[in-house]
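# What the coordinates show
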Amino acid sequence: MPIPQVKQLKILNGMLRLCRAEAVLDAALSGAREGVLAMLALGEQSPAKDGIKAEFRLNSALPAEQYSIRADEHGVLVEAGDIAGAVYAACTLSQLCAEHGGNLPYCTIEDAPEHPWRGLLIDVCRHFFPIDTVKTLVDLMAFYKYNRLHLHLTEDQGFRFESERFPRLNSVGSYRKSTVVKQEGFKGQDGIPHGGYYTKAELRELVRYCKARGIEIVPEIDMPGHALSMIAAYPELACVNEPVEVATYFGVTDFSKKLFCAGSERTFEFLFALLDEVLELFPFSHVHIGGDEAVKSEWKRCERCQKVMSEQGLKDERELQGYFLNRVIDFLDSRGRKAIVWNDGLCDTLSPDAISQYWTPWFLEGTGRTTRRVNAGGRAILSPYLYTYYDYPYAMTPLKKTYRYRPDLRGVRRTNKQNILGLEAAIWTEWIDSEEKLFFNTLPRLAATAESGWSAKEHMRFGAFLRRLQPHYGLYDRLGLTYAKGVEQPLSFVRRIQGVLTFAKVDTHAELNAQKKQDNRQPIGGNKHE
């Protein structure tokens, strides 16, 4: 059985050899050719050129992302509701071949997702990664039937895309002079300049690459907080016009009070012009505008902000943030786009049109505000950090815990369940400074969350998932990716506590380093998953 688990699969008597280098697609699915062939051959150094070529047809009676497969003595027929469905069918065919020694069993399959939103966030601001690394993630996302790449492009620690309108965002905001590290007992600044940004040409290529694999990109431009890299480039955008530097350390701390000024029209002129650049690059339906972890002490002392509060009849700075975000939400709506806001940016005055992304239960009323919003007809994406944040160590978030998460909120009425769009995992990169660490933290968690988003919960069993996971380790090896080994069962409670404390106080790379030492001791032919 593939990952994520399909809705209906019937294995029949017989096998065939599937051509992995070519397929037959009707004209209506021509946009799926690249993605289909990429998935059929993923991880294959020399994909089979002989054998039966699968035939892909568009079936307009099928909903988006849905597909069916029939493989028998007459050949392999795929019917798909759209480009994404065709790509997903190719992923299923590829995985079935891997499970059956390279051959495709005769079978019938009917498959469709449980949830319309199945996303992955990659933070390229705390640490910058080349576009080819992002493309590798996109291939894995498509292989596991994700459909949203949330690209976190602006932060206190760096601004990561080319802006022709505001060049100082790149010359100043895209670089920092150092980075705090916490490894092997040392905690402090490494003194190494860090930075970079994606050119518009690179991002247009990424858009094309994602479209071919059935994936939409959700760019995030964080506001009013987490904006220090932009304010360092243009300090007049803050309440207090003073020189600041791109942050070299992480967390909600002294620089978190540096927000865009909510009382200055210059702020909105800047943001609207910048967002127009973003919208030109990313022709998709959603834009994330952050709204999280905005410390409002400067707003409290800012005469312009207080004047707006008085004029608008706002009772506090949280409602002022609602006013700020509403102006951006309305701007995006005028451009035909929908805004997403983190749940700690919610307030009573925030537009009901904004989608809430729930990540933290520790904000004000916990899940209560998000639950009420969903019950009132608002929509939400669920990303609870204790389950879906891949930057945390496996000691804190074991694979089993990640797998068992279901996208649901306590208190949401049955009639409003459809307002929960789905789930999104996240790779925040404060302590992820290399491709090796990136994929170690992501794999095999990416497979686990995929099943939570796609498959029906009554069909999900962790033991069965682990059995289906085994061929995927070979895929990671063939792709040359580091992945976490020996994480199929959680550590003891004591060892988990020890691991979390080590991560928090001593060494953010302790688990990876321990695995590398174990690999060096592993005898040739040993079982690396034990």
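Residues numbered from 1 in each chain as written. Predicted model: local features only at pLDDT ≥ 70, side-chain atom pairs only at ≥ 80, totals over all residues. Heavy atoms only, no water.

### A few points about the overall build of the chain
Stated precisely, the cut-off is as follows: Think of it this way: any DSSP run of H or I at least four residues long counts as a helix, any run of E at least two long counts as a strand, and we number them from the N terminus. For this measure, only C-alpha atoms enter the radius of gyration; the expected value for a globule follows 2.2 Å times N^0.38, where N is the number of residues. The classification of residues rests on relative accessible area computed with a 1.4 Å probe and restricted to protein chains. Under 20% of the type maximum is buried, over 50% is exposed, and intermediate values are partly exposed. Any two residues having at least one pair of non-hydrogen atoms within 4.5 Å are treated as being in contact. Here the Shrake-Rupley method, with its probe set to 1.4 Å, supplies the accessible areas, and only the displayed protein chains count as covering residues.
Along the chain, the regular secondary structure elements total 18 helices and 20 strands. For the chain, whose C-alpha radius of gyration is 24 Å, the value lies close to the compact-globule estimate of 24 Å for 530 residues. C-alpha atoms of the chain, sized along the principal axes, occupy 75 × 55 × 45 Å. Burial status across the chain gives 59% buried among its 530 residues. Partitioning the intrachain contacts of the chain with sequence separation of at least 6 by distance along the chain shows that 76% fall at a separation of at least 24. For the chain, the exposed surface amounts to about 20900 Å²; the carbon and sulfur share of it is 51%.

### Section: the environment of Arg 208
Positionally, Arg 208 belongs in helix 5 (residues 200–211). In the structure, Arg 208 is positioned 74 residues away from Phe 282 in sequence and 10.0 Å away in space, judged by C-alpha atoms.

### Comments concerning the environment of His 472
Secondary-structure assignment places His 472 in helix 16 (residues 462–479). With 29 residues separating them in the primary sequence, His 472 and Leu 443 have C-alpha atoms 9.7 Å apart. Excluding its chain neighbours within four sequence positions, the residues that come into contact with His 472 are Ile 3, Gln 95, Phe 143 and Tyr 144.

### Describing the sheet that holds strand 8 (residues 148–152)
Worth spelling out the cut-off: By this definition, two strands are paired if DSSP reports at least two bridges between them. Each axis is a line fitted through C-alpha atoms, and for a helix only the stretch in contact is used; angles between axes span 0 to 180 degrees, taken between their N-to-C directions.
The parallel closed barrel is built from 8 strands, whose spatial order is 7-8-15-16-17-18-19-20. Across the sheet, the axes of successive neighbouring strands diverge by a mean angle of 30°, strand direction being ignored. On the sheet, helix 5 packs against strand 8 and strand 15 (216–223) and is oriented at approximately 160° with respect to strand 8. In this fold helix 15 (residues 445–454) packs onto strand 7 (117–123) and strand 20 (420–427), with an angle of close to 175° to the strand it touches most, strand 20.

### Some words on the sheet that holds strand 1 (residues 8–16)
If you trace the 6 strands from one edge of the open sheet to the other, you get 1-6-4-5-3-2, paired in mixed fashion. If you trace the sheet from one side to the other, it starts and ends with strand 1 and strand 2 (24–25), each paired once. Judged from the 5 bridges that link them, strand 4 (residues 67–72) and strand 6 (residues 104–111) form a sheet pairing that is antiparallel. Looking across to strand 6, one finds that Ala 71 is bridged to Cys 107.

### Regarding unusual backbone geometry
In this structure, the amide linkage connecting Ile 3 to the following residue, Pro 4, adopts the cis form with an omega of -5°. Examined against the element boundaries, Pro 4 turns out to sit in the segment before strand 1. Phi is positive for Glu 65, close to 75°, though the residue is something other than glycine. If you trace the backbone, Glu 65 turns up in the loop between strand 3 (55–58) and strand 4. Even without being a glycine, His 226 presents a positive backbone phi close to 50°. Take His 226: it is sitting in the loop between strand 15 and helix 6 (228–233). Residue His 226 is classed as buried on the basis of its relative accessible area, which comes to 5%.

### Side note on the packing of helix 1 (residues 33–40) against helix 2 (residues 83–99)
Heads up, the condition is: Here the word oblique covers every angle except those under 35 degrees (roughly parallel), over 145 (roughly antiparallel) and from 65 to 115 (roughly perpendicular). In a left-handed crossing the near helix is turned counterclockwise from the far helix by less than a right angle, and in a right-handed crossing that turn is clockwise. Only Asp, Glu, Lys and Arg are considered charged in this grouping, and only Ala, Val, Leu, Ile, Met, Phe, Trp, Tyr, Cys and Pro are considered nonpolar; every other residue, Gly among them, is considered polar.
At a minimum axis separation of 8 Å, helix 1 and helix 2 run at an interaxial angle of 15°. With respect to each other, helix 1 and helix 2 are oriented roughly parallel. In terms of crossing hand, the pair formed by helix 1 and helix 2 is right-handed. On helix 2, the residues that touch Gly 35, Val 36, Met 39 and Leu 40 of helix 1 are Ala 86, Val 87, Ala 90, Cys 91, Leu 93 and Ser 94. Considered class by class, the residues forming the contact of helix 1 with helix 2 number 8 nonpolar, 2 polar and no charged.

### Considering the pattern of salt bridges
Short version of the rule: Here, a salt bridge means any Lys or Arg side-chain nitrogen found within 4 Å of an Asp or Glu carboxyl oxygen.
Under the counting rule described, the total for this entry stands at 32 salt bridges. Across the pair Lys 200 and Glu 164 runs a salt bridge whose closest N-O atoms are separated by 3.2 Å. With a gap of 36 residues between them, Lys 200 in helix 5 and Glu 164 in the loop between strand 10 (158–159) and helix 4 (168–171) connect regions that are remote in the sequence. Lys 200 gets classed as buried once you look at its relative accessible area, which sits at 7%. Among the residues examined, Glu 164 registers a relative accessible area of 57% and is labelled exposed. For Glu 280, the salt bridge goes to Arg 204, with nearest N and O atoms at 3.1 Å. Placement of Glu 280 in helix 7 (residues 265–281) and of Arg 204 in helix 5 is noted, with a sequence separation of 76 residues between them. The exposure class of Glu 280 is partly exposed, given its relative accessible area of 44%. Using a relative accessible area of 40% as the deciding quantity, one classes Arg 204 as partly exposed.

### Focus: the packing of helix 9 (residues 303–312) against helix 10 (residues 317–334)
Look at helix 9 against helix 10: their axes get within 10 Å of each other, and the N-to-C directions meet at 85°. Classified by the angle between their axes, helix 9 and helix 10 sit roughly perpendicular to one another. Taking contact as the criterion, the partners of Cys 305, Gln 306, Val 308, Met 309 and Gln 312 in helix 9 are, on helix 10, Glu 317, Leu 320 and Tyr 323. Of the residues that constitute the contact of helix 9 with helix 10, the class distribution is 5 nonpolar, 2 polar and 1 charged.

### Comments concerning helix 10
Selection rule: Under the convention used throughout, the expected extent of a helix is 1.5 Å for every residue step, that is, one less than its residue count. Between N or O atoms, a polar contact is any pair within 3.5 Å; within protein, one atom must be a potential hydrogen donor and the other a potential acceptor, and residues adjacent in sequence are included only when both atoms are from side chains.
An ideal rise of 1.5 Å per residue puts 26 Å on 18 residues; helix 10 measures up with 26 Å between its terminal C-alpha atoms. Among the 18 residues of helix 10, 13 are classified as buried, and the element is accordingly described as predominantly covered. The distance from a side-chain oxygen at the start of helix 10 to the backbone nitrogen of Arg 318 is 3.2 Å, and the residue carrying that oxygen is Asp 316. Phi turns positive, to about 80°, at Gly 336, one or two residues after helix 10.

### Describing the pairing of strand 12 (residues 180–183)
In terms of strand pairing, strand 12 meets strand 13 (residues 186–189) through 4 bridges, oriented antiparallel. When the bridges of strand 13 are listed, Lys 182 appears paired with Lys 187. Linking strand 12 back to strand 13 in an antiparallel pair, the connection comprises 2 residues, with Glu 184 at a positive phi of about 50°.

This is a description of form; function is not addressed.
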